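For reference, the chains in residue letters:
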Amino acid sequence: MAVRNVESIMKTKWIVGSALLALVAGTALAAAQEGAPQGGWRGGFFRQLDTNKDGKVERTEVQAWSEARFKALDAAGDGALTKEQYVDAMIAQIRPRLEQRFDKLDADKDGKVTAAEFEAPALARFDRRDTGKTGALSIDDLKTHRN
């Protein structure tokens, strides 16, 4: 019984870890691509930081954002974050996106993601980018086909 529980925990950690890795990698790839969608520093985040709307982000604007962000994370209001507070807050922020991603992966909606369901989106993205049907992608393929 204990072995089965450990296996279940390990599978859950693997799925969550894989989803986090995919989320981080996808975000990094999108940010690194020339002409990336209007998100991250190039879009929404820049506009959020540029509070005086002058088309520049000044140090004082970053400091104000950072102070407000810290205050929101400091649930205890004691002027300090423990590792647990910080990690819990970050997980709470990304949890809805991870749950949405899981729901998309769970093609048959049975509350589980099989290896085939997990692989399907990555392989579909590969196939869309492999326009020459060569079975390999060049860096140019990745630059040309962002989705």
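Throughout, a residue's number is its position along its own chain's written sequence, starting from 1. Given that this is a predicted model, residues contribute local features only at a pLDDT of at least 70 and side-chain atom pairs are listed and counted only at 80 or more, while totals for whole chains, interfaces and linings are drawn from all residues. Each side-chain value is worked out from all heavy atoms of the structure, with water and hydrogens disregarded.

Chemist: Tell me about the overall build of the chain, residues and numbers included.
Modeler: Of regular secondary structure, the chain possesses six helices and zero strands. When the helices and strands of the chain are read in sequence order from the N terminus, they spell out α-α-α-α-α-α. Exposure classes here rest on a 1.4 Å probe applied to the protein chains alone. A residue is buried below 20% of its type maximum, exposed above 50%, and partly exposed in between. Of all 147 residues assigned to the chain, the portion counted as buried reaches 14%. Of the roughly 11,300 Å² that the chain leaves accessible, carbon and sulfur atoms contribute 61%. Here a strand is any run of E in DSSP of at least two residues, a helix any run of H or I of at least four, and the numbering for each starts at the N terminus. Each accessible area value is a Shrake-Rupley result obtained with a 1.4 Å probe; residue values ignore everything except the protein chains displayed when judging cover.

Chemist: Just give me the short version of the packing of aromatic side chains, but keep the residues and values in it.
Modeler: By convention, a stacked pair of Phe, Tyr or Trp rings (six-membered ring in the case of Trp) has centres within 6.5 Å and planes under 30 degrees apart, an edge-to-face pair has planes over 60 apart, and any other such pair is tilted. What the rule picks out here adds up to one aromatic pair. Here Phe45 and Trp65 contribute two aromatic rings whose centre-to-centre distance is 5.3 Å and whose plane-to-plane angle is 80°, an arrangement assigned as edge-to-face. Here Trp65 lies in helix 3 (residues 59-73) and Phe45 lies in helix 2 (residues 44-49), a separation of 20 residues in the sequence.

Chemist: Now, about the environment of Arg129: what can you tell me, with residues and values included?
Modeler: Looking at the element boundaries, Arg129 is found in helix 5 (residues 115-129). A C-alpha to C-alpha distance of 9.5 Å links Arg129 and Lys143, two positions 14 residues apart in sequence.

Chemist: Residues and numbers for the pattern of salt bridges, please.
Modeler: The working definition used for a salt bridge is a side-chain nitrogen of Lys or Arg within 4 Å of a carboxyl oxygen of Asp or Glu. For the structure on display, the rule yields one salt bridge. Of the charged contacts, one joins Arg95 and Glu99 as a salt bridge, the two residues approaching to 3.0 Å between their closest N and O atoms. Taken together, the positions of Arg95 and Glu99, both in helix 4 (residues 83-105) and four residues apart, correspond to about one turn of that helix.

Chemist: Outline helix 5, supporting the account with residue identities and numerical values.
Modeler: Multiplying 1.5 Å by the residue count of a helix minus one yields the expected span of that helix. The first and last C-alpha atoms of helix 5 sit 22 Å apart over 15 residues, in line with the 21 Å expected at 1.5 Å per residue. Think of it this way: the bend at a residue is just the angle between two axes, each fitted to seven residues, one set ending at that residue and the other starting at it. Most pronounced at Pro121, the bend in helix 5 amounts to some 30°.

Chemist: Give a description of unusual backbone geometry that names residues and reports values.
Modeler: For Lys53, which is not glycine, the phi torsion reads 55° and is therefore positive. Residue placement: Lys53 occurs in the loop between helix 2 and helix 3. Owing to a relative accessible area of 59%, Lys53 belongs among the exposed residues under this scheme.

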